[in-house]
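Residue-level listing of the chains:
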Amino acid sequence: MSETDKKWMALAKRWGVLFGIPLLMLAIGIWQWSRADTPVSDVGAQIAEYQQVVRQLEAIEAEKPGRRATVRDSEGKEHPVWKVKNDYLMAIKDLQNQGLNVTTRNLQPVLAGCTIAFSVLALLWSALGVVYQRGMGAKAMQSREQLLATFQKGRKLLPSYMVVMVLLLFGAAIPLLVYEMMPILRHRNYSKGDMKLMFILGGLALFLLYSGCKVLVDVWKASRKPLENEPIDVMGQTVSRQQAPELWAFVDSVAARTGAGLPDTLVVGLNEGFFVTEHPVQLASGALLPQGRVLYLPLPYLAFLNAGEVAAVIGHELGHFIGEDTLYSQRFSPIYSATIHHLVAISGGERYEESWMDILRRPATLFGEMFLDSFHEAVRYWSRKRELAADAVGAQVVSPQAVASSLLRISALAPLVEEALQANWDRGETVEGGVLGHVRQLVAAKGMTDPSEHLDQRQAHPTDTHPELAERLAALGVPVSPELLARAMDAQGSPLLQEFGLEQGAPAAGSRTLAGAVAPAAVADMNAALQNELSSAAAANRSAKLVELREIAALATPETVIHERSVFMMGLFCFLALACFGGAVALFIAGLHTAIGAGVLAGGVVCLWGARLFWRDGQSPAMVLQPAGVRLFNAQQLLPWSAIDDFQFNQANHMLTVIMALEPGVQPPAMGVGKRRAQFQKKKQRVVVMLKGVKKMKNQAFAELLVNQWRAYYARQELARMGERV
């Protein structure tokens, strides 16, 4: 299926929910309208009509004294005259007293009409929302100013829209439930079943009313939350002009060429890419940077890019200031956060748990998701354009070739930087020189990765969406030549860190920065300071993660044999077999319906055969849970836990269905049983196992045991990857 087909399929599913739920309620309302009794408009005429029927019934009784007289209804069923007469007398009394009979009959069409009216309004409201949302998306594509203005307006209207949608659906559901109480209220003697149904319907109606009020309160609270930009958490340290004058001089020279103005703060670190932002920034130390323009520079990349490539990258980043991209990004964030607050409020608040109420809230939350998707699509569209414009600024500073070279070289180095960071972060592996030293060792041992394999990847960035690398190179007009690839994969390092005073050590002889001055020796080893900061955070992260993983790994059991609980089904079929045998014997003894008796006897044999099947099912294990995987029925091999992507459990009619979604390309071992018990659905890439319960264990406990064994396997794998003994 193509991406376009998937997009249309997702849109069709959304519209199916958005319009399908109101349509379903409309259909129920119409059905209830058709079932509604005729309202009592003229009580006197109705009483006179019933009295005439009573006189006719009395005349029939006079012809057949006692209780032998009967009458037939419209369906041909016979009823005792005395009982029918009593029903009419009670109806006359109810009409004379204006009781529940009259009230409920008059209310039924009103309630059905309310359900129909609210359902139609919900449909129209859904259509209006879709039309407005699509128009809003089209306007957002005209300019970033339109994007911001349109979605700011949409953000303000969205809470009201979603609240109205929820209230319309609740307004349709409440009379729908109350309608079904009306016929019960007309009963003269309530049975236990009547009372239970009344309690359920009334309770649901009251709960819907409460939920509607709660939605209003939750959305009102969400709307009162201030729109704030949460700070970006960055691990790094600020560098002042006094600490690294050469670095600042280099940035000054690039800024002068772009005309973008200088950043207010320089931050250097180990675990991010190059980026600029005007969002609030909080360092890992807890310090909140002064409001303004922040430029982040990563040491691992500076250690391998030459001056021209670094200038091109910084020129690109400063180019975002020219188009006020960072300011726009800062103003976009509150729209996201406010919309999410409202979605949480509509879905049931911060302590939301999934329930059947989602059916009525889903159209509203789905529309909120569509709003976010439309906004994200527009932001992404303009972000891609601005990234290409920023590349053009970088090309003006140095050259298009320098921008292309920096992009490819960063792409070639990124997997090695990630490997070194990952080893340091959760395995606690440090080498001399920390992450930076580890990157240098990896480059020396493995060489750079081929960037031509990653042309469809985007550069990592904390706030903006970057276009694919191939698209950026095409916009620069620079083909991926052998010379460009050779430069990207050159394992030779760069002396820039020493020149900028960020790492201890003398610069290469006669080397000069782009600013033109010979670089002094480093005042302080910034790399060592950053490594200490990263190691401290990594140690805390590693310790917490190890505790969690060990707790999960401890859930595993050496081996657990699971048998089906087939006694109930076996007993049921044995009972049916005995009933059939008894019925057949009775028919044969009476000498009646010999052919039917033979059929009943055959049915008993079939039931007995079914009972034997269920008995056999319970004799051999249905599953054997082991540390490495699960053995299903008569399979000769384990299905490894690594082959299972996820689980789903369904329970109905004493049957427990276990659905195991498999990883792509996995073929499970032959299970040696028929489709009645298990099957591999190749198209859906999943194994479906049907169990008749589990012996000596509740279904919930079994599901937890199965999932815990699976989780424990992955916990052990992760512990091993982190260098811990399992």
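What comes next concerns the included structure. (Residues numbered from 1 in each chain as written. Predicted model: local features only at pLDDT ≥ 70, side-chain atom pairs only at ≥ 80, totals over all residues. Heavy atoms only, no water.)

Attention now moves to the overall build of the chain. Broken down by element type, the chain carries 21 helices and 16 strands. Counting every position in the chain, which comprises 726 residues, the buried fraction comes to 45%. Relative to all contacts within the chain whose residues are 6 or more apart in sequence, the contacts with residues 24 or more apart total 74%. Element-wise, carbon and sulfur atoms account for 59% of the exposed surface of the chain, whose accessible area totals about 36600 Å². (Helix = DSSP H or I, 4+ residues; strand = E, 2+ residues; numbered from the N terminus. Buried < 20%, exposed > 50% of the residue type's maximum accessible area, 1.4 Å probe, protein only. Contact = heavy atoms within 4.5 Å. Areas by Shrake-Rupley, 256 points an atom, 1.4 Å probe, with all protein chains shown as cover.)

Locating Thr 277 in the fold gives a position in strand β6 (residues 275-277). Of the residues examined, Thr 277 reaches a relative accessible area of 2% and is grouped as buried. Here the side chain of Thr 277 touches His 279 through a polar contact of 2.9 Å, landing on its backbone nitrogen. (Polar contact = N/O pair within 3.5 Å; in protein donor to acceptor, adjacent residues only side chain to side chain.)

This brings us to the pattern of salt bridges. Under the definition given, this model contains 16 salt bridges. In this structure, Glu 369 engages Arg 362 in a salt bridge whose closest nitrogen and oxygen atoms are separated by 3.0 Å. Classification of Glu 369 by relative accessible area gives partly exposed; the value is 27%. Judged by relative accessible area, which is 31%, Arg 362 ranks as partly exposed. Salt-bridge contacts for Asp 490 lead to Arg 487; the nearest nitrogen and oxygen are separated by 3.6 Å. One network of salt bridges, in which partners are shared, links Glu 309, Arg 487 and Asp 490. (Salt bridge = Lys/Arg side-chain N within 4 Å of Asp/Glu carboxyl O.)

This next bit is on the pairing of strand β14 (residues 655-662). The buried fraction of β14 is high, at six of eight residues. As defined by bridge partners, β14 adjoins strand β16 (residues 686-691) across six bridges and the pair is classed as antiparallel. Within β16, the position partnered with Ala 661 by the bridge is Arg 686. (Pairing = 2+ DSSP bridges.)

Our next topic: the sheet that holds strand β8 (residues 294-298). The four strands are arranged β4-β5-β8-β6 in an open sheet whose pairing can be described as mixed. At either end of the open sheet lies a strand with only one pairing partner, and these are β4 (237-238) and β6. In this structure, β4 lies alongside strand β5 (residues 265-269), joined through two bridges in antiparallel fashion. Its bridge partner lying in β5, Gln 237 is registered against Val 268. Of the strands in this sheet, β5 and β8 are in contact with helix α8 (residues 245-258), which crosses β5 at around 120°. (Axes fitted to C-alpha atoms, helices over the stretch in contact; angles between N-to-C directions.)

A separate point is the packing of helix α19 (residues 567-590) against helix α20 (residues 594-617). The axes of two packed helices give the description: the angle between them and the distance between them. At a minimum axis separation of 8 Å, α19 and α20 run at an interaxial angle of 160°. One way to sum up the angle between α19 and α20 is to call them roughly antiparallel. You can see that α19 and α20 cross each other, and the crossing is left-handed. Per-class residue counts for the contact of α19 with α20 are 21 nonpolar, six polar and no charged. (Parallel < 35°, antiparallel > 145°, perpendicular 65-115°, else oblique. Left-handed = near helix turned anticlockwise from the far one by under 90°. Nonpolar A, V, L, I, M, F, W, Y, C, P; charged D, E, K, R; others polar.)

The subject of this paragraph is the packing of aromatic side chains. Within this structure, the stated rule accounts for 11 aromatic pairs. Ring centres 5.9 Å apart and planes at 85° place the aromatic pair Trp 710 and Tyr 714 in the edge-to-face group. With Trp 710 and Tyr 714 both in helix α21 (residues 699-721) and four residues apart, the pair spans about one turn of that helix. Take Trp 710: its relative accessible area is 14%, and that puts it in the buried class. Since its relative accessible area comes to 32%, Tyr 714 is described here as partly exposed. Among the aromatic residues, ring-to-ring pairing joins Phe 647, Phe 649, Trp 710, Tyr 713 and Tyr 714 into one connected group. Across the ring face of Trp 31, the terminal group of Arg 35 is positioned such that the distance to the ring centre comes to 4.1 Å. (Phe/Tyr/Trp six-rings, centres within 6.5 Å; stacked < 30°, edge-to-face > 60°. Lys NZ or Arg CZ within 6 Å of the ring centre and 35° of its normal.)

On to the nonpolar core. In this structure, Leu 247, Val 268, Ile 314 and Leu 502 are the most contacted members of the largest nonpolar core, which totals 51 residues. Those residues within four positions of Val 268 in sequence are excluded, and the remaining contacts are Gly 236, Gln 237, Val 239, Leu 247, Tyr 296, Leu 297, Leu 299, Leu 502, Met 526 and Leu 530. Within the second largest apolar cluster, 45 residues are counted, among which are Ala 36, Phe 151, Val 166 and Leu 201. (Core = buried A, V, L, I, M, F, W, Y, C linked by side-chain atoms within 4.5 Å.)

A cluster of nonpolar residues, Phe 118, Val 120, Leu 121 and Leu 124, forms a patch on the protein surface that exposes about 330 Å² of accessible area. By the secondary structure assignment, Leu 124 is in helix α4 (residues 100-140). (Patch = residues over 30% accessible without salt bridge, like charges linked within 9 Å, V, L, I, M, F, W, Y side chains within 5 Å.)

Our focus in this paragraph is the sheet that holds strand β15 (residues 678-681). Spatial ordering of the open sheet is given by β13-β14-β16-β15, a layout of four strands whose pairing is antiparallel. The two strands at the open ends of the sheet, each matched to only one other strand, are β13 (644-652) and β15. In this sheet, adjacent strand axes meet at a mean angle of 15° when their direction is disregarded. Of the pairings in the sheet, the one linking β15 to β16 comprises four bridges and is antiparallel in character. The residue of β16 that forms the bridge with Gln 681 is Arg 686. Of the strands in this sheet, β13, β14 and β16 are in contact with α21, which crosses β13 at around 180°.

Nothing here speaks to function; it is geometry throughout.
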